[in-house]
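# Coordinate analysis (summary)
What follows is each chain in one-letter form.
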Amino acid sequence: MRITADGTTTQVLVKAYTTLLIEDFSMQVKQRTARIKKATVHWIYLDGGWQISFVQVWGPVIRKSDGAESSQHVSEATKPAGAEGAAYGVVTPQEIVDVALANTPDWIPEINGTKYPRTAKLKSSL
């Protein structure tokens, strides 16, 4: 048996997380209305800047009968409008996106050079 390598690339994926605590914000999550209390923003460092990958929202379901918070909770991964795959799931409310973008991670990863070529089509290729 003989194995050869024609080429190789360096793949690095840099991620960061920001947790937003939210007061008095309700949204529709599929067939339920929920009072969102926490949103975890998942960032990815891509093309020299931070971009929102997705936002995990969490909060109690609001009962239709009396409008009170129930013991059931929603936890849903949402995508900003216009993001890849947003049409297939729950869209992140613009208010949450605006707050997230106003609080992007303030550190820039230091990426060392490499002798291996970059594969431009891969999201994680630097």
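These figures come from a predicted structure and were not determined experimentally.

Our next topic: the overall build of the protein chain. A count of helical and extended segments in the protein chain gives one helix and five strands. Overall, the protein chain shows an N-to-C arrangement of helices and strands of β-β-β-β-β-α. Counting across all 126 residues of the protein chain, residues that qualify as buried make up 33%. Entry remark: accessible area of the protein chain is about 8,700 Å², with carbon and sulfur atoms responsible for 50%.

If you trace the five strands from one edge of the open sheet to the other, you get β1-β2-β3-β4-β5, paired in mixed fashion. The outermost strands of the open sheet, each flanked by one partner alone, are β1 (15–29) and β5 (90–92). Put simply, the sheet's adjacent strands are angled 35 degrees from each other on average, direction ignored.

Using the criterion set out here, one finds two aromatic pairs in the structure. Where W50 meets W107, the ring centres are 5.2 Å apart and the plane angle is 65 degrees; that geometry is what we call edge-to-face. One end of the pair, W50, is in strand β3 (residues 49–62); the other, W107, is in the segment after α1 (94–102), with 57 residues separating them in the sequence.

The subject of this paragraph is the pairing of β1. In terms of strand pairing, β1 meets strand β2 (residues 32–46) through twelve bridges, oriented antiparallel. Within β2, the residue paired with K15 across the bridge is I44. With antiparallel pairing between neighbouring strands as the criterion, β1 and β2 make up a hairpin whose turn holds two residues, including K30 at a positive phi of roughly 60 degrees.

One pass over the full model with this rule turns up four salt bridges. Ionic pairing is found between R35 and E69, a salt bridge with its closest N-O pair at 3.2 Å. Remark: E69 occurs in strand β4 (residues 69–80) and R35 occurs in strand β2; sequence separation between them is 34 residues. Salt-bridge contacts for K37 lead to E69; the nearest nitrogen and oxygen are separated by 3.2 Å.

Examined against the element boundaries, T40 turns out to sit in strand β2. Judged by its relative accessible area of 17%, T40 falls in the buried class.

What follows concerns the environment of T78. Mapped onto the elements, T78 comes out in strand β4. Judged by its relative accessible area of 0%, T78 falls in the buried class. Taking the C-alpha atoms as reference points, T78 and V55, 23 residues apart in sequence, are found 5.1 Å from one another. When neighbours within four sequence positions are excluded, T78 is seen to be in contact with F54, V55, V57, V90, V91 and T92.

Here we come to the pairing of β2. For a regular strand, side chains alternate in direction, first toward one face of the sheet and then toward the other. Of the pairings in the sheet, the one linking β2 to β3 comprises ten bridges and is antiparallel in character. Bridge assignment links A39 to a residue of β3, and that residue is V57. The loop that links β2 with its antiparallel partner β3 comprises two residues; one of these, D47, has a positive phi angle of about 55 degrees.

Basis of the calculations
- Residues numbered from 1 in each chain as written.
- Predicted model: local features only at pLDDT ≥ 70, side-chain atom pairs only at ≥ 80, totals over all residues.
- Heavy atoms only, no water.
- Helix = DSSP H or I, 4+ residues; strand = E, 2+ residues; numbered from the N terminus.
- Buried < 20%, exposed > 50% of the residue type's maximum accessible area, 1.4 Å probe, protein only.
- Areas by Shrake-Rupley, 256 points an atom, 1.4 Å probe, with all protein chains shown as cover.
- Pairing = 2+ DSSP bridges.
- Axes fitted to C-alpha atoms, helices over the stretch in contact; angles between N-to-C directions.
- Phe/Tyr/Trp six-rings, centres within 6.5 Å; stacked < 30°, edge-to-face > 60°.
- Salt bridge = Lys/Arg side-chain N within 4 Å of Asp/Glu carboxyl O.
- Contact = heavy atoms within 4.5 Å.

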